[in-house]
Amino acid sequence: MKEFLEGFLDRLETKTEPNDGEYLSEDGLLYCEKCHTPVQCRKMFLGKIRTLSCVCKCKQEEMRREKEEAEAREQMIQIQRMKSTGIQERHLLDWRFDTAQETDTIRWAKKYVAEWRKVKTENLGLLLWGDVGTGKSFVAACIANALLEQMRCLQ
Ligand SMILES: [Zn+2]
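Residues numbered from 1 in each chain as written. Predicted model: local features only at pLDDT ≥ 70, side-chain atom pairs only at ≥ 80, totals over all residues.

(A) Structural detail: the overall build of the protein. Each helix and strand counted, the protein has five helices and four strands in total. Secondary structure elements in the protein, listed N-terminal to C-terminal, are α-β-β-β-β-α-α-α-α. Relative to its length of 155 residues, the protein is extended, with a C-alpha radius of gyration of 28 Å against a globular reference of 15 Å. Its C-alpha atoms give the protein principal-axis dimensions of about 80 × 35 × 25 Å. Buried residues in the protein amount to 10% of all 155 residues. For the protein, long-range pairs separated by at least 24 residues make up 43% of all intrachain contacts whose partners lie at least 6 apart in sequence. (Helix = DSSP H or I, 4+ residues; strand = E, 2+ residues; numbered from the N terminus. Rg over C-alpha atoms; globule rule 2.2 N^0.38 Å. Buried ≥ 20, exposed ≤ 12 C-beta atoms within 10 Å, placed from the backbone. Contact = placed C-beta atoms within 7 Å.)

Below, the structure is given as structure tokens:
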């Protein structure tokens, strides 16, 4: 078992020949030319110091960025999905606060969205009343769109 592990670690151990974009530093480890942090590290394994590959700063940064971008893309897809499944009437998607006239009702609706956390925990409702054609659906759609955008309905 020990031999097997050692053989495995021997294969993992990286060479000291620098690849493109790397250089051999005074400490005997390979470094990244871009960020000047090591792409190798020494670790003690089974009583022997091994030189193994590790990720340099700029590569870590790049991986973090890629992960964030992937998460942002996933979130966008999720918002789109919620919009298409949650709101069936397509024109409602265009009913938004930024196209609304600043009336008392709209101000109330904005406040409702702004204080969504409180509204949700305290289970507060917003009653919209008025005759047909006075804009109840419009206000409701504005609120729904604003909340969807903030992804608050997921929390
Ligand atoms: Zn680097």
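(B) Region of interest: helix H5 (residues 136-150). Taking 1.5 Å as the rise per residue, H5 with 15 residues should run 21 Å; its terminal C-alpha atoms sit 21 Å apart, in good agreement. Check the buried side of H5 and you find it contacts helix H3 (104-114). (Expected span 1.5 Å × (residues − 1).)

(C) Structural detail: the packing of H3 against H5. It is the contact of H3 with H5, at a shortest axis distance of 10 Å, that shows an interaxial angle of 25°. With respect to their mutual orientation, H3 and H5 come out roughly parallel. Crossing of H3 against H5: the hand is right-handed. Residues Thr105, Ile106, Ala109, Tyr112 and Val113 of H3 form the contact with H5, whose own contacting residues are Val139, Cys142, Ile143, Ala146 and Leu147. Taken together, the residues that form the contact of H3 with H5 break down as nine nonpolar, one polar and no charged. (Axes fitted to C-alpha atoms, helices over the stretch in contact; angles between N-to-C directions. Parallel < 35°, antiparallel > 145°, perpendicular 65-115°, else oblique. Left-handed = near helix turned anticlockwise from the far one by under 90°. Nonpolar A, V, L, I, M, F, W, Y, C, P; charged D, E, K, R; others polar.)

(D) Structural view of the environment of Phe138. Structurally, Phe138 is set in helix H5. For Phe138, a count of 19 C-beta atoms within 10 Å gives the class partly exposed.

(E) Region of the structure containing the nonpolar core. Grouped together as the largest cluster of nonpolar side chains are eight residues: Trp95, Ala109, Val113, Val139, Ala141, Cys142, Ile143 and Ala144. For this core, the secondary structure elements donating two or more residues are H3 and H5. For this core, the element with the highest residue contribution is H5, accounting for five residues. (Core = buried A, V, L, I, M, F, W, Y, C linked by C-beta atoms within 7 Å.)

(F) Up close: the pairing of strand S4 (residues 48-53). Pairing analysis gives six bridges linking strand S3 (residues 40-45) to S4, with the strands arranged antiparallel. Residue pairing for S4: Arg42 is matched across the bridge by Thr51. Counting the residues between successive antiparallel strands, the hairpin from S3 to S4 contains two residues, one of them, Leu46, with a positive phi of roughly 50°. (Pairing = 2+ DSSP bridges.)

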